[in-house]
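# Descriptive structure summary
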Amino acid sequence: MFEESTCGKFFKYVLYVMRNICTCAKIRKLSKNGGLFMEETYALVTGASRGIGRAIACALAKEGFHLICTCLKSGEELLKLKTELEQSYPITCRTYIGDIGDYDFVSKIFEDIRSLDILVNNAGISHIGLLSDMTPEEWDRVIRTNLTAVYNTCHFASKIMVHNKRGKIINISSIWGTSGASMEAAYSASKGGVNALTRALAKELAPSGIQVNALACGVIDTDMNRCFIDEERRALIEEIPADRFGTPEDVAQALVSLLHAGDYLTGQVIHVDGAFL
């Protein structure tokens, strides 16, 4: 007879599977005897230790995905997230700490990946200042983190997805990649590059049944936007029709909606900005 604690865990797991049995995270296949079984699915999220990346990792765990999460420096926060998710959901979470803009680092991550269903390119940094004051090193750091990193992960992930004839790549971009932002030339350029890469790669991978889309975020209440003083925040909110900053959870919810979208939705840059632009 099971102990009470074991029964409780088992019952919780059964309820969880029943709630999620029809979600896109569980891919149905026919077994040899004609029955249905549920295949494990995997998602890679870069920049997952906090903010938007953390919210996305939590949402994907809730959907039933096993996770591969990366961050650059916040290793302690990433390990806390791993523990939290593995205790809350019947999933595993592998963590890697390093520069996702480093091709060799990404190559080592993919040595451990045999199957991948979802790639979320979220890692990103900003730089505020005049372009004329920006050093070449600062420019390279922004482009490397925001754009080259997307090439790195897509380079490896696309091979796995093409082999499996399925997969979704979702790039976290910005409205400034569409319109440009004063004092954020490098950031705008990097996100504009992400948008163009999204559209181009979608055309390459569509014949293989793989969807590539981007979420262009507006002003999201994360550490990146905490540089504004209260007066600046109020003035900015007045320009947003939704009358508030977005939250990381808003972005995560939009991403989950994309996971459930049909295969014909690909090559799009979707604004999550409260009608700001």
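Up top is the structure these notes are about.
Criteria and cut-off values
Residues numbered from 1 in each chain as written. Predicted model: local features only at pLDDT ≥ 70, side-chain atom pairs only at ≥ 80, totals over all residues. Heavy atoms only, no water. Pairing = 2+ DSSP bridges. Helix = DSSP H or I, 4+ residues; strand = E, 2+ residues; numbered from the N terminus. Axes fitted to C-alpha atoms, helices over the stretch in contact; angles between N-to-C directions. Contact = heavy atoms within 4.5 Å. Expected span 1.5 Å × (residues − 1). Bend = angle between axes of the 7 residues up to and from the residue. Core = buried A, V, L, I, M, F, W, Y, C linked by side-chain atoms within 4.5 Å. Buried < 20%, exposed > 50% of the residue type's maximum accessible area, 1.4 Å probe, protein only. Phe/Tyr/Trp six-rings, centres within 6.5 Å; stacked < 30°, edge-to-face > 60°. Right-handed = clockwise from strand over helix to strand, strands pointing away.

### A look at the sheet that holds strand E7 (residues 167–174)
- Judged by pairing direction, the sheet is parallel, and its 7 strands sit side by side in the order E5-E4-E3-E6-E7-E8-E9 without closing on themselves. The open sheet is flanked by strand E5 (93–97) and strand E9 (269–272), the only strands paired with a single partner. The mean inter-strand angle of the sheet, taken between neighbouring strand axes irrespective of direction, is 15°.
- Running at roughly 175° to E5, helix H3 (residues 75–88) makes contact with strand E4 (66–71) and E5 of the sheet.
- Seen against the sheet, helix H7 (residues 185–205) touches E7, strand E8 (210–217) and E9 and runs at an angle of roughly 160° to E7.

### Looking at helix H5 (residues 136–164)
- Across its 29 residues, H5 extends 40 Å between first and last C-alpha, which sits within 8% of the 42 Å expected from 1.5 Å per residue.
- When the local axis directions of H5 are compared, the greatest deviation, roughly 45°, occurs at arginine 144.

### Regarding the nonpolar core
- Core analysis: the largest hydrophobic core is formed by 33 residues, its most contacted members being Ile56, Leu60, Leu67, Val120, Ile172, Leu215 and Leu255.
- Going through the elements one at a time, strand E3 (42–45), helix H2 (51–62), E4, H3, strand E6 (118–121), E7, E8 and helix H9 (248–259) are the ones with two or more residues in this core.
- With 7 residues, H2 is the single largest residue contributor to this core.
- Discounting chain neighbours no more than four positions away, the residues touching valine 120 are Leu44, Val45, Thr46, Ile56, Leu60, Ile170, Ile172 and Leu255.

### So, the packing of aromatic side chains
- Inspection of every chain in the model, using the stated rule, returns 4 aromatic pairs.
- Ring plane angle 20° and centroid distance 5.5 Å describe the contact between phenylalanine 110 and phenylalanine 156, whose orientation is recorded as stacked. A residue pair is termed long-range when its members are at least 10 positions apart, and phenylalanine 110 in helix H4 (residues 103–111) and phenylalanine 156 in helix H5 qualify at 46 residues. Here phenylalanine 110 matches phenylalanine 156 in class, with each residue buried.
- A ring pair is formed by tryptophan 176 and phenylalanine 276, whose centres lie 6.1 Å apart and whose planes are at 75°; its orientation type is edge-to-face. Of this pair, tryptophan 176 sits in helix H6 (residues 176–179) while phenylalanine 276 is found in the segment after E9, placing the two residues 100 residues apart along the sequence.
- Ring pairs connect the aromatic residues Tyr103, Phe110, Tyr151 and Phe156, which therefore count as one cluster.

### Digging into unusual backbone geometry
- With a phi angle near 60°, lysine 165 is a residue other than glycine that sits in the positive phi range.
- When you line up the elements, lysine 165 lands in the loop between H5 and E7.
- In this model, alanine 275 sits at a positive phi of 65°, which is unusual for a non-glycine residue.
- Within the secondary structure, alanine 275 sits in the segment after E9.

### Quick word on the pairing of E7
- The buried fraction of E7 is high, at 8 of 8 residues.
- Taken together, E6, H5 and E7 form a β-α-β motif whose crossover is right-handed.
- In this sheet, E8 lies alongside E7 in parallel orientation, the contact comprising 8 bridges. Residue pairing across strands places glycine 167 opposite isoleucine 210, the latter belonging to E8.

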